[in-house]
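Breakdown of the fold
Here are the chains, one letter per residue:
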Amino acid sequence: MTKIVILTGAGISAESGMGTFRDEGGLWAQMRIEDVATPEGFARDPALVHDFYNKRRAAAARALPNAAHEALARLQREWPGEVVIVTQNVDALHEKGGATGVIHMHGELARALCALCGNRWDAPEVMVVGERCPQCGGPTARPDVVWFGEMPYRMDEIYTHLAEATVFASIGTSGQVYPAAAFVMEAAEAGAHTVELNLEPSAVVSDFAETRFGKATEVVPAWVEDMLRR
Ligand code: NAD
Ligand code: APR
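Residues numbered from 1 in each chain as written. Chains lettered and ligands numbered in written order. Predicted model: local features only at pLDDT ≥ 70, side-chain atom pairs only at ≥ 80, totals over all residues. Heavy atoms only, no water.

The criterion, for reference: UniProt positions are given in the numbering used here, feature names are shortened, and annotations may be inferred rather than shown by experiment.
The name an unreviewed UniProt entry gives the protein chain is NAD-dependent protein deacylase, with Seohaeicola zhoushanensis as the organism. As its UniProt record puts it under Subcellular location (unreviewed entry), the protein chain is described as follows: "Cytoplasm". The Function (unreviewed entry) field of the UniProt record for the protein chain holds the comment "NAD-dependent lysine deacetylase and desuccinylase that specifically removes acetyl and succinyl groups on target proteins. Modulates the activities of several proteins which are inactive in their acylated form."

This is the structure in structure tokens:
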């Protein structure tokens, strides 16, 4: 039984024009994480946080999937039910590229969350302070994005997939944020072959059995071709 579990990070969307976080000039060089990616930051200045995510939501809506997103969708089509994509990204480029069943462990820019009743709905293009929840009416809407210090989504499901993995590929992530950075060890313990596909070595590169460095639009299609030839 083959089960390919793929973790992606901001690097897979870089060539679609979406900024990464920790590269030169990345998002965390422009904004402080404390101000726009923590619950405390949202409580302190919700307008700043909405502005940050409104800008990213508009960029994500315009962005087009690249050859790496499309190659992963092809792998899913060729091996139905055996390829699971877990992404730290909050854009919808995997889905735009044809992927299905994507697990967004850090949430999605296109969704809104009610901090009061837990309701989720499709976010408006522009969210404002005091945005009301359509279910409970509270002025408690926030971006449905997992912030630092919050628990990522669907972790039980993710760990089940990792325990069954025969191949684990990590694409476009710096390996600096947990628990995602530890997925490679979970998969390796389950006996999976592990491969890192990245522009440069990540912080956890030594945990991988195989590495392929280069731009995602080059190394990911080549890796998928090799997988399909196996
Ligand atoms: P972490 O301790 O793994 O942080 C990794 C890096 O993020 C740190 O090296 C630092 O550069 C930065 N960072 C983390 N918290 C920060 C903070 N409060 N202020 C400034 N910089 C900070 O991250 P964590 O806080 O342990 O993350 C815990 C949870 O938050 C995890 O479940 C993770 O999935 C989630 N998370 C969400 C996001 C997001 O923006 N969607 C980002 C990272 C983590
Ligand atoms: N092709 C392949 N890899 C690339 C490319 C590219 N064209 N461009 C950049 N990369 C790599 C970088 O070398 C880096 O290792 O992508 C990685 C991006 O790392 P980060 O900017 O740290 O993004 P990510 O790993 O996704 O961050 C994890 O931290 O702040 C949070 O919520 C945020 O989900 C994010 C999490």
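**Concerning the overall build of the protein chain**
As a reminder of what qualifies: Secondary structure is summarised from DSSP: a helix means a run of H or I of at least four residues, a strand means a run of E of at least two, and numbering begins at the N terminus for each. Using C-alpha atoms as the atom set, the radius of gyration is obtained and then compared with a globule rule of 2.2 Å times the number of residues to the power 0.38. Burial classes: relative accessible area under 20% of the type maximum marks a residue as buried, over 50% as exposed, and values in between as partly exposed (1.4 Å probe, protein chains only). Working rule for contacts: check all heavy atoms of both residues, and any pair within 4.5 Å makes them a contact. Every accessible area reported is derived by Shrake-Rupley at a probe size of 1.4 Å, with residue values counting cover from the shown protein chains alone. The charge count treats Lys and Arg as positive and Asp and Glu as negative. His and the chain ends do not count. We put the charge of a Lys on NZ, of an Arg on CZ, of an Asp on CG and of a Glu on CD.
In terms of regular secondary structure, the protein chain is built from nine helices and nine strands. Taking 17 Å as the expected radius of gyration for a compact globule of 230 residues, we find that the protein chain reaches 18 Å, a close match to that expectation. Across the 230 residues in the protein chain, those meeting the buried criterion constitute 50%. Sequence-distant contacts in the protein chain: of pairs separated by 6 or more residues, those separated by 24 or more amount to 64%. Accessible area for the protein chain stands at about 10500 Å²; split by element, carbon and sulfur atoms hold 53% of it. Looking at the protein chain, you have 20 positive and 31 negative side-chain charges, and the mean spots of the two groups are 4 Å apart.

**Some words on the site of ligand 1**
To be explicit about the condition: The criterion for a residue being near a molecule or strand is simple. One of its heavy atoms has to lie within 4 Å of it. Residues adjacent in sequence count toward polar contacts only when both atoms are side-chain atoms; beyond that, a polar contact is any pair of N or O atoms within 3.5 Å, and within protein one must be able to donate a hydrogen and the other to accept it. Either an automatic procedure or a domain database provided the assignment from which the domain bounds are taken.
The immediate surroundings of ligand 1 are formed by 17 residues, with His 106, Val 146, Phe 148, Glu 150 and Pro 152 found nearest. Trp 147 places a main-chain nitrogen or oxygen 3.2 Å from an oxygen atom of ligand 1. Within the backbone of Glu 150, a nitrogen or oxygen atom sits 3.0 Å from an oxygen atom of ligand 1. Against a free-state accessible area of 790 Å², the protein chains account for coverage of 67% of ligand 1. In this structure, the shell around ligand 1 is formed jointly by two domains, domain 1 (1-17 + 64-106 + 152-230) and domain 2 (19-62 + 109-145), each of which donates at least three residues.

**A word on the UniProt feature "domain: Deacetylase sirtuin-type" (unreviewed entry) in the protein chain**
Following the UniProt record, the feature "domain: Deacetylase sirtuin-type" (unreviewed entry) maps to residues 1-230 here. Across residues 1-230, the secondary structure splits into 33% helix and 19% strand, with the terminal C-alpha atoms separated by 14 Å.

**Regarding the packing of helix 5 (residues 67-78) against helix 9 (residues 216-229)**
What counts, and what does not: The axes are straight lines fitted to the C-alpha atoms, using for helices just the contacting stretch, and the angles between their N-to-C directions are given from 0 to 180°. Orientation categories follow fixed angle ranges, with anything under 35 degrees roughly parallel, anything over 145 roughly antiparallel, 65 to 115 roughly perpendicular, and all other angles oblique. Crossing handedness is read from the near helix: turned anticlockwise from the far helix by less than a right angle, it gives a left-handed crossing, and turned clockwise, a right-handed one. Following the grouping adopted for this structure description, the nonpolar residues are Ala, Val, Leu, Ile, Met, Phe, Trp, Tyr, Cys and Pro, the charged ones are Asp, Glu, Lys and Arg, and the polar ones are all others, Gly among them.
Remark: helix 5 packs on helix 9, axes separated minimally by 8 Å, with the N-to-C direction vectors making an angle of 15°. Taken as axis vectors, helix 5 and helix 9 run roughly parallel relative to one another. Classified by chirality, the crossing of helix 9 by helix 5 is left-handed. Seen from helix 5, the contacting residues are Ala 67, Ala 68, Ala 71, Leu 72, Arg 74, Leu 75 and Glu 78; seen from helix 9, they are Ala 216, Thr 217, Val 220, Pro 221, Trp 223, Val 224, Glu 225, Met 227 and Leu 228. Class assignment of the residues belonging to the contact of helix 5 with helix 9 gives a composition of 12 nonpolar, one polar and three charged.

**Concerning the environment of Leu 72**
Its location among the elements puts Leu 72 in helix 5. For Leu 72, a relative accessible area of 0% puts it in the buried group. Linking Leu 72 and Val 224, residues 152 residues apart in sequence, is a C-alpha distance of 7.1 Å. Excluding its chain neighbours within four sequence positions, the residues that come into contact with Leu 72 are Ile 6, Thr 8, Ile 12, Ile 85, His 94, Ile 171, Val 220, Trp 223 and Val 224.

**Points about the nonpolar core**
The line we're drawing: Here, nonpolar core means buried Ala, Val, Leu, Ile, Met, Phe, Trp, Tyr and Cys residues that are tied together by side-chain atoms lying within 4.5 Å of each other.
With 24 residues, the main nonpolar core has Ile 4, Ile 6, Leu 72, Leu 75, Val 220 and Trp 223 as its most contacted residues. Going through the elements one at a time, strand 1 (4-8), helix 5, strand 2 (83-87), strand 7 (167-171), strand 8 (193-198) and helix 9 are the ones with two or more residues in this core. Leave out the neighbours within four places in its chain, and Ile 6 touches Leu 72, Leu 75, Val 83, Val 84, Ile 85, Val 86, Ala 169, Ile 171 and Trp 223.

**Brief notes about the side chain of Thr 87**
Within the secondary structure layout, Thr 87 lies in strand 2. Setting aside residues up to four positions removed in sequence, Thr 87 forms contacts with Thr 8, His 94, Val 102, Ile 103, His 104, Met 105 and His 106.

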